[in-house]
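Geometric and topological summary
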Amino acid sequence: MPRTDRLLRLLQAMRMMTPPITAARLAKETGVSRRSLYRDIEALRSAGARIEGERGYGYTLREDNALRPQAFTRGELEAIALGLAEVRSMGDPYLAKEAASVLAKVIATLPDNLDQQLLHAISHVYRPDARLAPAPASELVREACWHENALHIAYADHTSAFSERKIYPLALMYTERTQTLLAWCCLRKEFRMFRLDRMSQVTWLEESFRPRRATLLRDYMNILESQAAGRIRPG
């Protein structure tokens, strides 16, 4: 691994872990020897990162020069904390991990007084149980949305009628208890919603719809905004 990548990985590990962080934990997380880790910490310090602590006592990342300082109001920090907590509680493991990473990065860019306001925000989310169970196909569907690739799905609709379709996945939508895909259905030649938990099979197709995605998504969102949500049922 290039040294620059290793140093960035070390910074991210220090953002994510609860201080003080021992050298043993950091070495295990970054996959390097303790000797290399000590050299990397000194390199980060020389580059301007404020890392307190020493060998045998653990380390704390106080200021991170890799990220630009951010100026948030108290209300903005509360919104960030609440929004990320809501994402973590949804039940999507991928987004929960990414939300924790975002929180660590934001905290690392804040002055001492503001990072405490974010860590101890007055608004909280309490969900003893996740909103939804993660769907097996969610990772593949998410990648298809990002890469703008067609999918072939086996699907059971709300009446349990089974069908196979080629679709253009446009965006994921999270409702209270379901994860739904907004898509263009090539079988019906119209926009449809597909619940991920009703997909029994999802196959990646080597067909890109990139030139059409932005227009299709814009048109679909216009339809959703102009019609009552209950009038558009999952396919």
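Our subject in this report is the structure included herewith. (Residues numbered from 1 in each chain as written. Predicted model: local features only at pLDDT ≥ 70, side-chain atom pairs only at ≥ 80, totals over all residues. Heavy atoms only, no water.)

It is worth spelling out the layout of surface pockets at this point. Approximately 470 Å³ is the volume found for the largest pocket. Within the residue set of the lining of the largest pocket, elements represented by two or more residues are helix 1 (3–16), strand 2 (58–63), helix 5 (93–108) and helix 6 (112–119). Sorting elements by how many residues they give to the lining of the largest pocket places helix 5 first, with five residues. (1 Å grid on protein atoms, 1.4 Å probe; cavity = no way out; pocket = protein on both sides within 12 Å on 5 of 7 lines; lining within 4 Å. Points joined across faces, edges and corners; volume = space filled by probe spheres on them. Helix = DSSP H or I, 4+ residues; strand = E, 2+ residues; numbered from the N terminus.)

Right, let's talk about the packing of helix 5 against helix 6 for a bit. Viewed as axis vectors pointing N to C, helix 5 and helix 6 meet at an angle of 155°, and their least axial separation amounts to 9 Å. The pairing of helix 5 with helix 6 is recorded here as roughly antiparallel in orientation. Of helix 6, the residues touching helix 5 (which contributes L103, V106 and I107) are D115, L118 and L119. A per-class count over the contact of helix 5 with helix 6 returns five nonpolar, no polar and one charged. (Axes fitted to C-alpha atoms, helices over the stretch in contact; angles between N-to-C directions. Parallel < 35°, antiparallel > 145°, perpendicular 65-115°, else oblique. Contact = heavy atoms within 4.5 Å. Nonpolar A, V, L, I, M, F, W, Y, C, P; charged D, E, K, R; others polar.)

Of all hydrophobic cores here, the largest spans 19 residues; its most connected members are M14, L26, L37, I51 and Y59. Mapped by element, the contributors of at least two residues to this core are helix 1, helix 2 (23–30), helix 3 (34–46) and strand 2. When neighbours within four sequence positions are excluded, I51 is seen to be in contact with M14, I41, L44, R45, Y59, T60 and L61. (Core = buried A, V, L, I, M, F, W, Y, C linked by side-chain atoms within 4.5 Å. Buried < 20%, exposed > 50% of the residue type's maximum accessible area, 1.4 Å probe, protein only.)

On to the sheet that holds strand 3 (residues 149–156), then. Taken in spatial order, the five strands of this open sheet run 6-5-4-3-7, and their pairing is antiparallel. Looking along the sheet, the strands with just one partner apiece sit at the ends: strand 6 (190–195) and strand 7 (199–208). Ignoring strand direction, the axes of neighbouring strands in this sheet form an average angle of 45°. Sheet topology note: the strand 3/strand 7 ladder contains six bridges and is antiparallel. Each residue of the ladder has a partner; that of I153, found in strand 7, is V202. Strands strand 4 (162–174), strand 5 (179–185), strand 6 and strand 7 of the sheet are contacted by helix 8 (residues 210–226), whose axis makes an angle of about 75° with strand 4. (Pairing = 2+ DSSP bridges.)

With that settled, consider helix 6. Those residues of helix 6 that fall on the buried side of the exposure criterion are L114, D115 and L118. Around the axis of helix 6, the buried residues are gathered within 100° of arc, so they sit on the same side. Along its buried surface, helix 6 packs onto helix 4 (74–88) and helix 5. (Arc of directions from axis to C-beta.)

Tracing the sequence through the fold places T30 in helix 2. Accessibility expressed as a relative area gives 4% for T30, which makes it buried. Separated by 2.7 Å, the side chain of T30 and the backbone oxygen of L26 make a polar contact. (Polar contact = N/O pair within 3.5 Å; in protein donor to acceptor, adjacent residues only side chain to side chain.)

Okay, the pattern of salt bridges next. Between side chains of opposite charge, pairing is possible as soon as their charged atoms come close. All chains considered together, the criterion is met by ten salt bridges. Residue R210 pairs with E148 through a salt bridge whose shortest N-O separation is 2.6 Å. One end of the pair, R210, is in helix 8; the other, E148, is in the loop between helix 7 (138–147) and strand 3, and 62 residues separate them in sequence. You can call R210 partly exposed: its relative accessible area is 49%. Overall, E148 belongs to the buried group, its relative accessible area being 13%. The shortest N-O distance in the salt bridge between D197 and R195 comes to 2.7 Å. Because the salt bridges share partners, they merge into one network encompassing R3, R6 and D40. (Salt bridge = Lys/Arg side-chain N within 4 Å of Asp/Glu carboxyl O.)

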